[in-house]
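# Report on the structure
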Amino acid sequence: MRAIHLPRTREERRYRRHLRVRKRVRGTAERPRLVVFRSLKHIYGRLVDDDRGITLFGVSDTTEGIAAEGQGKVARARAVGQLLAARAKSQGITRVVFDRAGYKYHGRVQAVAEGARKGGLEL
């Protein structure tokens, strides 16, 4: 690849990694895709049906009903995963595909996945 097309910023590099992940990961109505977005202050998770091209629902750490066990961003991320799992189970969804969206499977991204597993989702 020529140097002119190399991604320059951190966001561009993450976006390229996200595209590589998305080549392999696809959500359906029976098994939607759990997408994680991580900002410096907050964490967001949503379930996406790629067949219809819609977001089923989303949860963030600012959503009402978040009960974090402990302090810090990792505890809030784990609570986001648990609330996401509870809402998914109420809609009859038990299996999802995890999309780390170009982030490392570490820290808050991993905590969302662990919280979803603890809530009863199968990843």
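Here is a short report on the structure shown in this document. Only a predicted model underlies this, so the values are computations on that prediction, with no experimental measurement involved. (Residues numbered from 1 in each chain as written. Predicted model: local features only at pLDDT ≥ 70, side-chain atom pairs only at ≥ 80, totals over all residues. Heavy atoms only, no water.)

### Points about the pattern of salt bridges
Evaluated as defined, the whole model comprises nine salt bridges. One salt bridge in this structure joins Arg 76 and Asp 61, with 3.2 Å as the shortest N-O distance. On the criterion of sequence distance, the pair formed by Arg 76 in helix H2 (residues 73–90) and Asp 61 in the loop between strand S3 (54–60) and H2 is long-range, its members being 15 residues apart. Here Asp 61 falls in the buried class, since its relative accessible area comes to 10%. In the salt-bridge network here, residues are joined through shared partners; they are Arg 22, Arg 33, Asp 50 and Asp 99. (Salt bridge = Lys/Arg side-chain N within 4 Å of Asp/Glu carboxyl O. Helix = DSSP H or I, 4+ residues; strand = E, 2+ residues; numbered from the N terminus. Buried < 20%, exposed > 50% of the residue type's maximum accessible area, 1.4 Å probe, protein only.)

### Topic: the packing of aromatic side chains
Within this structure, the stated rule accounts for two aromatic pairs. On the numbers, 5.9 Å between centres and 35° between planes, the contact of Phe 37 with Tyr 44 is tilted. Its relative accessible area of 40% is what places Phe 37 among the partly exposed residues. Seen from their ring centres, Phe 98 and Tyr 105 are 6.0 Å apart, and the 85° between their planes marks the pair as edge-to-face. Its relative accessible area of 37% is what places Tyr 105 among the partly exposed residues. (Phe/Tyr/Trp six-rings, centres within 6.5 Å; stacked < 30°, edge-to-face > 60°.)

### Comments concerning the nonpolar core
Leu 34, Val 36, Leu 47 and Leu 121 are the most contacted members of the largest nonpolar core, which totals 25 residues. Where this core is concerned, the elements lending two or more residues are strand S1 (33–38), strand S2 (43–49), S3, H2 and helix H3 (108–118). Broken down by element, the residue count for this core peaks at six residues, all from H2. Those residues in contact with Val 36 that lie beyond four places of it in its chain are Ile 43, Tyr 44, Phe 98, Asp 99, Arg 100, Ala 101, Tyr 103, Val 109 and Val 112. (Core = buried A, V, L, I, M, F, W, Y, C linked by side-chain atoms within 4.5 Å. Contact = heavy atoms within 4.5 Å.)

### Focus: the sheet that holds S2
Pairing is mixed in the open sheet, where four strands are placed in the order S3-S2-S1-S4. For this open sheet the edge positions go to S3 and strand S4 (97–99), each flanked by a neighbour on one side alone. On average, each strand axis in the sheet is tilted by 20° relative to the strand beside it, whichever way the strands run. Direction of pairing for S1 relative to S4: parallel, over a ladder of three bridges. Looking at S4, one finds that Leu 34 is bridged to Phe 98. Each of S1, S2 and S3 touches H2; the most contacted strand, S3, lies at about 140° to it. (Pairing = 2+ DSSP bridges. Axes fitted to C-alpha atoms, helices over the stretch in contact; angles between N-to-C directions.)

### So, H2
Look at H2: 26 Å from first C-alpha to last across 18 residues, which is about the 26 Å you get at 1.5 Å a residue. Taken as a whole, H2 has its buried residues at Ala 75, Ala 77, Ala 79, Val 80, Gly 81, Gln 82, Leu 83, Leu 84, Ala 85 and Ala 88. Phi turns positive one or two residues past the end of H2, at Gly 92, with a value near 85°. (Expected span 1.5 Å × (residues − 1).)

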